[in-house]
Amino acid sequence: MNEGAGRESAVAIGERVIGRGHPCLILAEVAQAHEGSLGIAHSFVDAAADAGACAVKFQTHIAEAESSPLEPFRVAFGAQDRSRYDYWKRMEFSAGQWRELAEHARERGLIFLSSPFSEEAAGLLEELGVPAWKVASGEVTHRPLLERLAATGRPLLVSTGMSGWSEIDELAGWLGRRPGGFALLQCTTAYPCPAEKVGLNVMGEMRERYGCPVGLSDHTGAPWAGLAAAALGADLLEVHVTFSRRLFGPDAPASLTFEELTRLVEGVRFIERMHSHPADKDAQAEEARPLREIFTRSLFAASDLPAGTALAREHLVLRKPGTGIGAGELDGLLGRRLARGLARGEMLTRRHLGEQ
């Protein structure tokens, strides 16, 4: 058990707060979907804002600081790049171009985030004033990078797709002794990730174990996991985005289209409204009284019944509307004698029973 267990914490990301009682932070992850084009990257910023995301997130790769020609491709997706190193090189933006993207995101009301994959990338992003650090699953054991990030006093949002509990225990204990706070995201490193491997249960285990905000980094390529995570109280949700899953690139099959992201955002906010308004069943029943009279049933005569008839079950039927004596009183009326006669199809009233 981590020393942070048993307490609930919240984390500030700029002007936003994530944690219990706060809206879920929805991050639109662009990653390398821009294919090295600054113009396309700007298009992703606008599309994320239009879809209602809270933040747009990129990945900052500096090939010489991160990779070597020995790095293998995760999946083969074209002959354009001779090596993974060449791919990262093609994905690089200059410091000025990153600044353009950050300013554009802020102008559109988005939090700008980017995952650094080297200390050099962290330095570049720090100069841009990113309000938090998104740490990719593969960097959990990259302690020099984590130390560089934690030293800024800004929160770390850490994906755990490649880590078991012992490694996460160590990380959470280390982060818990540093300022800024942290959040953990359940993540399964599969692109796309099948439903059987999403692991929504892990979010609750993390919350109980570490007392920190928790969320889901989703690679399913569908909105369902994100909605389920929100229903379980996720504090943050990261989804890859694309203009079409037909586009080139390794992450497209595991991404949401912006139309799907729009519906995901709507769904998450709908779920939050449900959670924030617990139902009072008695109050709901009172509000439904006019409809109750329309949809429920009253007792009616099944045949002509003269005064003095001792009511039996076969004498009465249940018909709408529910403005008379209701079905719940049927058993208690059996054996009662009519003070006044009833015609077939006539509603039974208290007057027929001699009560008025």
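Provided above is the structure to which this section pertains.
Residues numbered from 1 in each chain as written. Predicted model: local features only at pLDDT ≥ 70, side-chain atom pairs only at ≥ 80, totals over all residues. Heavy atoms only, no water.

J.: Pulling in residues and values, what's your account of the pattern of salt bridges?
T.: Taken as a whole and assessed by the stated rule, the structure comprises 18 salt bridges. A salt bridge links Arg 289 to Glu 286, with the shortest nitrogen-to-oxygen separation between them at 3.1 Å. Residue classification places Arg 289 among the partly exposed residues on the basis of a relative accessible area of 44%. When the shortest N-O distance is used, the salt bridge between Glu 355 and Arg 336 registers 2.9 Å. Residue Glu 355 is located in the segment after α13 (330-333), and its partner Arg 336 is located in the segment after α13; the two are separated by 19 residues in the primary sequence. Looking at Glu 355, the relative accessible area reads 40%, which means it is partly exposed. A relative accessible area of 29% places Arg 336 in the partly exposed class. (Salt bridge = Lys/Arg side-chain N within 4 Å of Asp/Glu carboxyl O. Buried < 20%, exposed > 50% of the residue type's maximum accessible area, 1.4 Å probe, protein only. Helix = DSSP H or I, 4+ residues; strand = E, 2+ residues; numbered from the N terminus.)

J.: Tell me about the nonpolar core, and name the residues and values.
T.: Counting residues in hydrophobic clusters, the biggest one holds 81 residues, and the most contacted among them are Val 56, Phe 58, Leu 101, Phe 112, Leu 157, Leu 184 and Leu 261. Broken down by element, the residue count for this core peaks at eight residues, all from helix α1 (residues 38-51). Setting aside chain neighbours within four positions, we find Leu 101 in contact with Leu 38, Ala 41, His 42, Val 45, Phe 58, Phe 93 and Phe 112. Formed by 12 residues, the second largest nonpolar core is a distinct cluster that contains Leu 330, Leu 338, Leu 348 and Leu 353. (Core = buried A, V, L, I, M, F, W, Y, C linked by side-chain atoms within 4.5 Å. Contact = heavy atoms within 4.5 Å.)

J.: Tell me about helix α5 (residues 119-128), and name the residues and values.
T.: For α5, the set of buried residues is Ala 121, Ala 122, Gly 123, Leu 124, Leu 125 and Leu 128. One or two positions beyond α5, positive phi appears at Gly 129, with a value near 75 degrees.

J.: Outline the packing of α1 against helix α4 (residues 95-107), supporting the account with residue identities and numerical values.
T.: At a closest axis distance of 10 Å, the pairing of α1 and α4 adopts a crossing angle of 20 degrees. Taken together, the axes of α1 and α4 are roughly parallel relative to one another. In this structure, α1 crosses over α4, and the sense of that crossing is right-handed. Here Leu 38, Ala 41, His 42, Val 45 and Asp 46 of α1 come into contact with α4, specifically with Gln 97, Glu 100, Leu 101, His 104 and Ala 105. For the contact of α1 with α4, a count of residues per class yields five nonpolar, three polar and two charged. (Axes fitted to C-alpha atoms, helices over the stretch in contact; angles between N-to-C directions. Parallel < 35°, antiparallel > 145°, perpendicular 65-115°, else oblique. Left-handed = near helix turned anticlockwise from the far one by under 90°. Nonpolar A, V, L, I, M, F, W, Y, C, P; charged D, E, K, R; others polar.)

On their own, these measurements won't tell you what the molecule is for.
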